[in-house]
Amino acid sequence: MMDLWDSESVDFMAKILTHSGQGEQTYLPPAIHYIPPKSGHPEAIQEVHMVLFPVLENLLNKTRISPADIDILIVNCSGFCPAPSLSSIIINKYCMREDIKSYNISGMGCSASVLAIDIAKNILETHKNSNAVILSTEILSTGWYPGKERPKMVINCMFRTGAAAILVTNKKEAKRTAKYQLLWSLRTLRAFDDKAYYSAFREEDSDGFTGVTLRRELLQVVGETLRSNISLLGLKVLPFTEIIRYVVSIIKKRFMNKSTEIYVPNFKSVIQHFCLPSPGKPVIREIGKGLKLAERDMEPALMTLHRFGNQSSSSLWYELAYMEAKERVKKGDTVWQLGMGSGPKCNSQVWKCIRPIVEEAQKGAWADSIHMYPIVSLEEKS
């Protein structure tokens, strides 16, 4: 209906959507519902108000704190960086304190939410008795690509609207009400490598339209970036026996028999729940296969992708909300959130559940649909 592309381009995007793993109930901002879509600054600001204000207000109501109680504010959005900044928009809306420490993170891709938690952790180490709020989203109104280059069309099909608000604190009294304690946080990147650096790159096409080019080597780069992060995280969390088996397999492959398969450590021996990157069903399954995860372990990512789509950095929190709504996270369990982003970079954080989490099914984003999940596609049944 938009009359922007030829039939081959339409078929190309339709194929991407068909195999993406996204359902029919995902959300797009109002600007993308116009024919043709609007991608101006006013539409993007309207989207900011639409997604960030409600999630922050919901967080304040749940945690019973006021805007004046927030000492640190971190807002992450990769593709939209206005002036005043997104963090300033929030501070202005809620009349926050003049001494609040505010940060705005842009251009960091789908891993930015995990990165923001790491930043908050570092700030809280030097600022005692403080509350930090992280707002995580991706603004889609300015990301629409109307051109004809296929590597840039993929982005039009991948992302959907969503946002998350997270409160982290080092206040002693929070131990009575907090859900999780942060155990480990780890960041790795491969921007030093040209092939990796240009694998997902924002640039203009020959007609002057700006879009994000996803190159063929992207999946290989994702695998290399994941391996380096997982290897380093394994040294922190895995039992000694698992580390030894992994190291021995590397030595055998390098010096004795190159056909030897490198041992994949059993992360499930120390981690009970997994929040995985969700750019598409094939990627989720490939990561799950690499980590030797069961179908139930991949279920939160697959069901989040189906219900809400790829929401960039906030998807990991929808996955965690899915597990909470299903009452799968028990006191003492650990949760691994694994974020992948452009750059490319891979960020991990491991949480420990420190109190029972019950009756969450009717409180969050899954309230109207958790009873319908998990679903199994006809393809998976066969």
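Residues numbered from 1 in each chain as written. Predicted model: local features only at pLDDT ≥ 70, side-chain atom pairs only at ≥ 80, totals over all residues. Heavy atoms only, no water.

Worth spelling out the cut-off: UniProt positions are given in the numbering used here, feature names are shortened, and annotations may be inferred rather than shown by experiment.
In the annotation of an unreviewed UniProt entry, the protein is listed under the name very-long-chain 3-oxoacyl-CoA synthase and assigned to Abeliophyllum distichum. Turning to the protein, the UniProt annotation filed under Catalytic activity (unreviewed entry) states: "a very-long-chain acyl-CoA + malonyl-CoA + H(+) = a very-long-chain 3-oxoacyl-CoA + CO2 + CoA". The Pathway (unreviewed entry) comment attached to the protein in UniProt states, word for word, "Lipid metabolism; fatty acid biosynthesis."

### Let's talk about the side chain of Asn347
The condition that has to hold: Secondary structure elements are defined from DSSP: runs of H or I of at least 4 residues count as helices, runs of E of at least 2 residues count as strands, and each element is numbered from the N terminus. Pairing of N or O atoms within 3.5 Å defines a polar contact, subject to two protein rules: one partner must be a possible hydrogen donor and the other a possible acceptor, and residues neighboring in sequence count only if both atoms are side-chain atoms. Contacts between residues were defined by any pair of non-hydrogen atoms, one from each residue, lying within 4.5 Å.
If you trace the backbone, Asn347 turns up in strand E10 (residues 345-353). A distance of 3.2 Å separates the side chain of Asn347 from the backbone oxygen of Ser111, its partner in a polar contact. Discounting chain neighbours no more than four positions away, the residues touching Asn347 are Ser111, Val114, Leu115, Leu186, Arg187, Thr188, Asn229, Gln337, Leu338 and Gly339.

### Structural notes on the UniProt feature "domain: Beta-ketoacyl-[acyl-carrier-protein] synthase III C-terminal" (unreviewed entry) in the protein
Mapped onto this structure's residue numbering, the UniProt feature "domain: Beta-ketoacyl-[acyl-carrier-protein] synthase III C-terminal" (unreviewed entry) falls at residues 271-352. Segment residues 271-352 splits into 43% helix and 23% strand. End C-alpha atoms: 9 Å apart.

### Quick word on the UniProt feature "domain: FAE" (unreviewed entry) in the protein
When the UniProt feature table is mapped onto this chain, "domain: FAE" (unreviewed entry) is found at residues 5-254. End C-alpha atoms of residues 5-254 are separated by 50 Å, and the span's content is 42% helix alongside 18% strand.

### Remarks on helix H1 (residues 7-19)
Let me state the cut-off plainly: Given a helix with a known number of residues, its expected span is that number minus one, times 1.5 Å.
In this model, H1 (13 residues) spans 18 Å end to end at C-alpha, consistent with the 18 Å of a helix rising 1.5 Å per residue. Residue Gly21 follows H1 closely and has a positive phi angle near 90°.

### A closer look at the pattern of salt bridges
Short version of the rule: Salt bridge, as used here: a side-chain nitrogen of Lys or Arg that lies within 4 Å of a carboxyl oxygen of Asp or Glu. Think of it in three bands: residues with accessible area under 20% of the maximum for their type are buried, residues over 50% are exposed, and the middle band is partly exposed, with areas taken using a 1.4 Å probe on protein chains only.
Counted under the stated rule, the structure contains 17 salt bridges. Linking Asp297 and Lys268 is a salt bridge whose minimum nitrogen-to-oxygen distance equals 2.9 Å. Remark: Lys268 occurs in the loop between helix H8 (240-255) and strand E8 (273-275) and Asp297 occurs in helix H10 (residues 295-308); sequence separation between them is 29 residues. Judged by relative accessible area, Asp297 falls into the buried class, the value being 11%. One network of salt bridges, with partners in common, ties together Glu149, Lys152, Glu203 and Arg215.

### Description of the nonpolar core
Side chains of nonpolar character tend, in soluble globular proteins, to be buried together. Rule in force here: What is meant by a nonpolar core is a set of buried Ala, Val, Leu, Ile, Met, Phe, Trp, Tyr and Cys residues, joined one to another through side-chain atoms within 4.5 Å.
If you look at the biggest cluster of nonpolar residues, it comprises 35 residues, and the most contacted ones within it are Leu226, Phe267, Leu276, Trp336 and Trp366. Counting residues per element, the ones that place at least two in this core are helix H7 (218-237), helix H9 (281-290), H10, helix H11 (315-325), strand E9 (334-341) and E10. The element best represented in this core is H10, accounting for six residues. Setting aside its immediate chain neighbours within four residues, Leu226 contacts Ile287, Leu338, Met340 and Cys346.

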